Amino acid sequence: MKVTIEQALRKVLADLGAADVTFVVERPGDMSHGDYAANAALVASKALGRPPRDIAESLKVKLEEAPIPGVATVTVAGPGFINITLERERFSDTLSLIASAGPEWGANDSWAGKRVVVEYTDPNPFKELHIGHLFTNAVGESIARLFMMNGANVKRVNYQGDVGLHVAHALYGMQQLGMTPTSNFGARELGRAYALGATTYKQDEVAAAAIRELNKRIYDRTDATINDLYDAGRRVSLTYFETIYTMVGTRFDEYFYESEAGPRGLELVHSHPDIFPESNGARIFKGEEHGLHTRVFQNHEGLPTYEAKELALAKMKEERLGIYDHSVISTSNEITEYFKVLKCAMGFIYPELAAKTEHLGHGTVRLATGKMSSRTGDVIPALDFINEVAEAALEKMIAVGAINPDRDTATQVAIAAIKFVTLHGSILQDSVFDKERALSFEGDSGPYLQYTHARIHSVMEKATAAGISPSTRNAPEAPYEVERLLGYFPEVIASALKDRAPHQVVTYLTELAGSFNSFYSSERIADKDDEYAPYKLALADAVRTTLKNGLWVLGIPAPEKM
RNA sequence: GCCUCCAUAGUUAAAUGGAUAUAACUGCGGACUUCUAAGCCGUUAUUCUAGGUUCGAUUCCUGGUGGAGGCACCA
């Protein structure tokens, strides 16, 4: 609809002699202004040398001579806005469309036929997966799903740092704590081992040398005892991560490890000595020549750094997943500056890969006490946190007399609460971790959206039992506010991807749910004697589908009973 | 010192250069013999600062202040 209006306006603007001005058709801030508003007359004012309101009147006349299908009224308002309201029938049609589209409602084909690889989460085995990873996972997952809703064929990828100094820290700690490949240890013990190794490394020079030596053995795999301990730790860690991925609703298509990207990265560095010259025993990329800064790709011990590995990773993704059209790497914005250098270097080696690689930096989660650090053990483990929120959710469910006060539903509520607080604002911004907020299930929150969805489901069951079935045939004279909101959903999905802004979906769903709840409290839906009951039911169903699809994009489960 | 990002009610946020800056939380008040009260209705309060561009600036530009990240062998 938006596009139709844009085209019509462009045409009439051209008739007036202002073909080139760029204007927008958007949802007005205030719904009483209409369904769409255009600033065409305001922006054309200068080009035409006429007052905006005057131009708007001319446009209105022209639009009335050749009406846009589906448009009921065109009015001029304020400083020269053109406000457009749609015909009653358009809203009924939207309800029918939603009913037939089902899970496809909101989708578009702007990325159809395109293959997109999205890399995110990227935890380090042997270290704790903490709430920061939960944040990056929520962002990456929603970006992946937004691409899917926009028609792309998406592959999810997780890149895990299974080698590197942090692993040597953990292994050293494991040895000190007497952990063996066969001893029964879990992720918690690994986290403790890492913290011990990391602090020792900083405080004790002799131990530090031993840890560096350990690091080399991890890379070259020449010591069978170390290999066994390493393999056991890696296995425990990866299994632990997998239980968390399942909880938050992520399924990766492919896993990449630094242990495999490392050697490949080194090859690249060595085969391009002109791009990575030697300096102080290391191999570097001189970013200054390109307005950036210098980064080390191979350190003086001959080991590849993150940069070299990431370089190889770009190619490895194509080898394993096939040629892709676009690659998104979502990480915290600490990496942003490095990535510019990396991408610049990639441009010399794999220009075609560099051109389609996008780094999406997002804010970091910090604690009230400051930055989280797994080195000092100052982190909130993801699993503990999810469980804690789930506990609180269960208590809440019992307190409010929920229909389904079970552990499984409580976990789904917890996931919703957590994802909502991480995605409800711009992903660029850092967020201070606010436990109280995540534990609050009232007001704008994930559970609020879930509750609204479940409530609709319940009402629909009652209506069906009363013999009412949804129909859009007999519509009330004026569309309800919630009904008018429904039609914007596809535009929100398109815009949220374009701006890489999942929060637009959150904002929209929250408004939709609020509007529905107002409708719900003022109108009875499942009333046999109401001639509009079938229509209201169709409307409720459409809201349910929209909430469900929107929640899906956010990676939030939508239980039918809660 | 240099580079990047950020700054909106008491708090967390929203607002492709547009109309009276929008919600939620908190506080206070209210409705209901009714489909899930995790709900609904009412009420107070906001664009860091100084300039500039513009018919119009929370949005763009410049300076300042404050915060985060980065500036060669961690990721």
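Residues numbered from 1 in each chain as written. Chains lettered and ligands numbered in written order. Predicted model: local features only at pLDDT ≥ 70, side-chain atom pairs only at ≥ 80, totals over all residues. Heavy atoms only, no water.

Participant: An account of the overall build of chain A is needed here, citing residue identities and associated values.
Facilitator: When helices and strands are counted, chain A shows 21 helices and 14 strands. If one aligns the C-alpha atoms of chain A with their principal axes, the spans along those axes are about 85 × 60 × 40 Å. Per-residue burial over chain A gives 53% buried out of 562 residues. Considering only contacts in chain A between residues 6 or more positions apart, those separated by 24 or more positions represent 75%. Chain A carries 58 positive and 74 negative side-chain charges, and their two centres are separated by 1 Å. (Helix = DSSP H or I, 4+ residues; strand = E, 2+ residues; numbered from the N terminus. Buried < 20%, exposed > 50% of the residue type's maximum accessible area, 1.4 Å probe, protein only. Contact = heavy atoms within 4.5 Å. Lys, Arg positive; Asp, Glu negative; His and termini not counted. Charge placed at Lys NZ, Arg CZ, Asp CG, Glu CD.)

Participant: So what about the protein's contact with RNA strand B? Which residues, and what values?
Facilitator: Taken together, 67 residues sit near RNA strand B, with Val-24, Phe-81, Asn-299, Tyr-338 and Arg-455 positioned nearest. One nitrogen or oxygen atom from the main chain of Asn-280 is found 3.4 Å from a base nitrogen belonging to RNA strand B. The backbone of Ala-454 places a nitrogen or oxygen atom 3.4 Å from a base oxygen of RNA strand B. (Near = heavy atom within 4 Å. Polar contact = N/O pair within 3.5 Å; in protein donor to acceptor, adjacent residues only side chain to side chain.)

Participant: Explain the packing of helix 7 (residues 187-203) against helix 8 (residues 205-220) to me, and be specific about the residues and the numbers.
Facilitator: Taken N-terminus to C-terminus, the directions of helix 7 and helix 8 make an angle of 120 degrees; their axes are 6 Å apart at the nearest point. The angle between helix 7 and helix 8 places the two elements in the oblique class. Both helix 7 and helix 8 take part in a crossing whose hand is left-handed. On helix 8, the residues that touch Gly-197, Thr-200, Tyr-201 and Gln-203 of helix 7 are Glu-205, Ala-207, Ala-208, Ile-211 and Arg-212. Here the contact of helix 7 with helix 8 is composed, by residue class, of four nonpolar, three polar and two charged. (Axes fitted to C-alpha atoms, helices over the stretch in contact; angles between N-to-C directions. Parallel < 35°, antiparallel > 145°, perpendicular 65-115°, else oblique. Left-handed = near helix turned anticlockwise from the far one by under 90°. Nonpolar A, V, L, I, M, F, W, Y, C, P; charged D, E, K, R; others polar.)

Participant: Let's hear about the environment of Ala-438: which residues, and what values?
Facilitator: Within the secondary structure, Ala-438 sits in helix 16 (residues 435-438). Of the residues examined, Ala-438 reaches a relative accessible area of 1% and is grouped as buried. Between the C-alpha atom of Ala-438 and that of Val-421, which follows or precedes it by 17 residues, the distance is 6.4 Å. Non-local contacts of Ala-438, meaning those with residues more than four positions away in its chain, are made with Phe-385, Val-389, Ala-417 and Val-421.

Participant: Explain the pattern of salt bridges residue by residue, including any values.
Facilitator: In total, this model carries 27 salt bridges according to the counting rule given. A salt bridge links Arg-188 to Asp-384; its shortest N-O distance comes to 3.0 Å. Placement of the pair is Arg-188 in helix 7 and Asp-384 in helix 14 (residues 382-399), with a sequence separation of 196 residues. A residue is classified by how much of its surface remains accessible, and Arg-188, at 48% relative accessible area, is partly exposed. Across the salt bridge formed by Lys-340 and Glu-337, the nearest N and O atoms sit 3.2 Å from each other. In this pair, Lys-340 and Glu-337 both sit in helix 12 (residues 336-349), three residues apart, roughly one turn of the helix. With relative accessibility at 42%, the residue Lys-340 sits in the partly exposed group. What makes Glu-337 partly exposed here is its relative accessible area of 42%. One salt-bridge network, held together by shared partners, links Glu-141, Arg-145 and Arg-156. (Salt bridge = Lys/Arg side-chain N within 4 Å of Asp/Glu carboxyl O.)

Participant: So what's going on with the side chain of Lys-309? Which residues, and what values?
Facilitator: Inspection of the secondary structure puts Lys-309 in helix 11 (residues 306-321). Given the relative accessible area of 4%, Lys-309 is considered buried. A distance of 3.3 Å separates polar atoms of two side chains, one belonging to Lys-309 and the other to Tyr-219. Ignoring sequence-local partners within four residues, the contact set of Lys-309 consists of Tyr-159, Tyr-219, Glu-258, Ala-261, Gly-262 and Pro-304.

Participant: Describe the packing of aromatic side chains, naming the residues involved and giving the relevant values.
Facilitator: One pair of aromatic rings is described through two measures. These are the centre distance and the angle between the planes. Applying the stated criterion across every chain, the model contains 17 aromatic pairs. Between the aromatic rings of Trp-105 and Phe-489, the centroid separation amounts to 6.0 Å while the plane-to-plane angle is 40 degrees, which identifies the pairing as tilted. With a gap of 384 residues between them, Trp-105 in the loop between helix 4 (88-101) and strand 5 (115-119) and Phe-489 in helix 19 (residues 489-498) connect regions that are remote in the sequence. Taking relative accessible area as the criterion, Trp-105 reaches 5% and is therefore assigned buried. Here Phe-241 and Tyr-245 contribute two aromatic rings whose centre-to-centre distance is 6.4 Å and whose plane-to-plane angle is 50 degrees, an arrangement assigned as tilted. One end of the pair, Phe-241, and the other, Tyr-245, are both in helix 9 (residues 224-248), four residues apart, so they sit about a helical turn from each other. (Phe/Tyr/Trp six-rings, centres within 6.5 Å; stacked < 30°, edge-to-face > 60°.)

Participant: Can you lay out the domain arrangement of chain A for me, pointing to particular residues and giving the numbers?
Facilitator: One can read the domain layout of chain A as domain 1 (2-86), domain 2 (120-366) and domain 3 (382-554). Distance between the C-alpha centres of domain 1 and domain 2: 52 Å. (Domains from an automatic or database assignment.)

Participant: Provide a residue-level description of the side chain of Glu-128, including the pertinent values.
Facilitator: Within the element layout of this structure, Glu-128 appears in the loop between strand 5 and helix 5 (131-149). At a separation of 2.7 Å, a polar atom in the side chain of Glu-128 contacts the side chain of Tyr-240.

Participant: So what's going on with the nonpolar core? Which residues, and what values?
Facilitator: If you look at the biggest cluster of nonpolar residues, it comprises 125 residues, and the most contacted ones within it are Leu-9, Leu-134, Phe-147, Val-505 and Val-543. No other element matches the twelve residues that helix 21 (residues 533-554) contributes to this core. When near neighbours in sequence (up to four residues on either side) are disregarded, Val-543 contacts Ile-456, Val-482, Leu-486, Leu-512 and Phe-516. (Core = buried A, V, L, I, M, F, W, Y, C linked by side-chain atoms within 4.5 Å.)

Participant: Break down the confidence of the model for chain A for me, with residues and values.
Facilitator: When pLDDT is averaged along chain A, the result is 93, and 98% of the positions lie at 70 or above. The ipTM, which scores confidence in the relative placement of chains, is 0.96 for this predicted complex, and the corresponding pTM is 0.95. (pLDDT = per-residue confidence, 0-100.)

Participant: Any details on the sheet that holds strand 10 (residues 295-298)? Residues and values, ideally.
Facilitator: One open sheet accounts for three strands, arranged 8-9-10; its pairing is antiparallel. Lying at the two open borders of the sheet, with one neighbouring strand each, are strand 8 (278-279) and strand 10. Where strand 9 (residues 282-285) and strand 10 come together, three bridges link them in antiparallel fashion. Counted as the bridge partner of Arg-283 is Gln-298 from strand 10. (Pairing = 2+ DSSP bridges.)

Participant: Outline unusual backbone geometry, listing residues and values.
Facilitator: Look at Arg-221: it is not a glycine, yet its phi comes out positive at around 50 degrees. For Arg-221, the position within the fold is in the loop between helix 8 and helix 9. The class for Arg-221 is partly exposed, based on a relative accessible area of 39%. Backbone geometry at Asn-280 places phi at a positive 50 degrees, although glycine is not the residue there. On the secondary structure map, Asn-280 appears in the loop between strand 8 and strand 9. With a relative accessible area of 76%, Asn-280 lands in the exposed category.

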